[in-house]
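These are the residues of each chain, in order.
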Amino acid sequence: MKAFFSKLSQALMLPIALLPAAGIMLGIGGSFTNQSMIDAYQISILQNGTVLNNFLQVMTAAGDVVFGNIPLLFALAIAIGFARAEKGSAALAAAISYLVMNVAIAKTLAVSGMVDGNTVVLMGTHYAGILGDILGISNTLSMGVFGGLIAGGFTVLLHNKYHDVVLPDYLGFFAGARFVPIISAFAALFYGIALVFIWPYIGAVFGSIGAALGDMTASGHGYIASFIFGIVERSLIPVGLHHVFYLPLWQTEIGGTAHIAGHVVKGTQNIFFASLASGDYSQFSSTNFMTGKFPFMMFGLPAAAYAMYTLADDANKKVAGGLLFSIALTAFLTGITEPIEFTFLFLSAPLYYLIHVPLAGISFMLMDLLNVKVGMTFSGGFIDFSLFGMLPGLTGTANNWYYIPIVGAFYAPIYFFLFRWYIVKFDVKTPGRKGSAIAVVSKKDFHAAKAAEKSGSSDTQVDAMIEALGGADNINDVDACITRLRISVKDGSKVLGNDHWTQELGAKGLVKVGDTAIQAIYGAQAAKYKAAINSKLGR
């Protein structure tokens, strides 16, 4: 199960990687077409009807269409991520399956007379809020990302079974990969019909969870949900399963439901961006499972990096500072915190779980108590903070964005002194401290590595990584998310341990999930190494 969810998390990173670009379009377009802002600052070139205003409205719509079609993107991602071969054919089959499934649902509801206004009537019970329009298909079931996961999942099962099927000669044209979209479409017809009689009950369960969270928020206890979310989300970071945990809250009714601009919007992230596009933040709750990331990602963890720098040996301070400054800046700007988190996680697990994780949970709780309403694309760095917090706040949105730097100003010294105290108290050998070799790379070594890269001999690193994975024959699949190489191997016992990867191969750490799933943390270099390894393996 761990290996499966690790693979699922890896697959879902493909559509998630699109969200920052779409979010920037929405952030800029939505903020600068906000009529309150235009009137307040009397900016004539932004007035309705001007060329710039028209362009910004187009930009807003372009960003909005990505968030509006995330279920389809998830269907494609599941097919690409789990298909063993012919991934392009699998993606096409998933798209067809998603369309056929929704048409089958809509037509079954219509011909069965199960639609009453905006509700579905099943066994005499009315189920409200589960109908929607998807890709031009009216009155289909609004299943959110679960619809994409269902279509993608069935497609992968059929693809992996039939992508190399052999048919009689007179049907040979339809054999192999061409057979997959055909059988997937027929399958979608039948499970689409079945979902009409199944999903209303499932949707009701999800809706009740969302309603419970809403009631908790309305009664003034939403901060409890926020605190628990922060604890669990950060605790799952080491095994790479945090995406699987938070995505249902961000993308489905489990995270809440709102009526915005005449549409029912489900999931806290979707509600935020619909609010941003429409300029109406009234339905965006401070129990949003996003805002709590900003204080510890922008201020807390960089301060922890500075604490580690101050404790490095004098001889190693310059080199350790280069490493720690780069990963602190990455955390501050982008909210990609795994490089810095894994720097101390593998040196001292209590430092991560007993200090960092509780502080993260408290950060979520504080943002909720202070009614801060700032969303994000995938993480809580300064880029998202400025686009989705500060900019809307300065242009008339009552989102209380200014509490983020205020809380951050307290979080920075708390992280600094707690980390410094713990490292000294328990003698943790953080980068450059007491002869630690983790960050010690000489100037000569650096220039030698650059020269090797230019001469084309940098293949040595890739060869060493393949050998550390047990050799080419032991590797099933190599992929990458934002910060991790995610590798599926045949025999996990052949993979060399964490010390080898951190000391010899430059990784921040190695995680084994189950017997066959390996995660090597390389930060922003993960995608580069994925491409290099696959090229070496001829894939």
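Residues numbered from 1 in each chain as written. Predicted model: local features only at pLDDT ≥ 70, side-chain atom pairs only at ≥ 80, totals over all residues. Heavy atoms only, no water.

Bringing the sheet that holds strand β8 (residues 475-480) into the picture now. If you walk across this open sheet you meet the 4 strands as β8-β9-β11-β10, and the pairing is antiparallel. In this open sheet, the two edge strands, each paired with only one partner strand, are β8 and β10 (509-513). Here the average twist between neighbouring strands, direction ignored, is 20 degrees. Direction of pairing for β10 relative to strand β11 (residues 517-521): antiparallel, over a ladder of 5 bridges. Looking at β11, one finds that Leu-510 is bridged to Ala-520. (Pairing = 2+ DSSP bridges. Helix = DSSP H or I, 4+ residues; strand = E, 2+ residues; numbered from the N terminus. Axes fitted to C-alpha atoms, helices over the stretch in contact; angles between N-to-C directions.)

Another aspect to go through is the packing of aromatic side chains. All chains considered together, the criterion is met by 33 aromatic pairs. Seen in terms of ring centroids, Phe-229 and Phe-289 are 5.0 Å apart; in terms of plane orientation they differ by 50 degrees. Their pairing is tilted. Of the two residues, Phe-229 is situated in helix α10 (residues 222-235) and Phe-289 in the loop between α12 (268-278) and α13 (293-310); the sequence distance between them amounts to 60 residues. Of the two residues, Phe-229 and Phe-289, both sit in the buried class. Ring plane angle 45 degrees and centroid distance 4.9 Å describe the contact between Tyr-402 and Tyr-403, whose orientation is recorded as tilted. By relative accessible area, which is 26% here, Tyr-403 ends up partly exposed. Ring-pair connections join several aromatic residues into one group, and the members of that group are Phe-294, Phe-299, Phe-332, Phe-382, Phe-385, Trp-401, Tyr-402 and Tyr-403. A cation over a ring is seen here: Lys-317 above Tyr-309, with NZ or CZ 5.5 Å from the ring centre. Sitting above the plane of the Tyr-529 ring, Lys-528 keeps its charged end 4.9 Å from the centroid. (Phe/Tyr/Trp six-rings, centres within 6.5 Å; stacked < 30°, edge-to-face > 60°. Buried < 20%, exposed > 50% of the residue type's maximum accessible area, 1.4 Å probe, protein only. Lys NZ or Arg CZ within 6 Å of the ring centre and 35° of its normal.)

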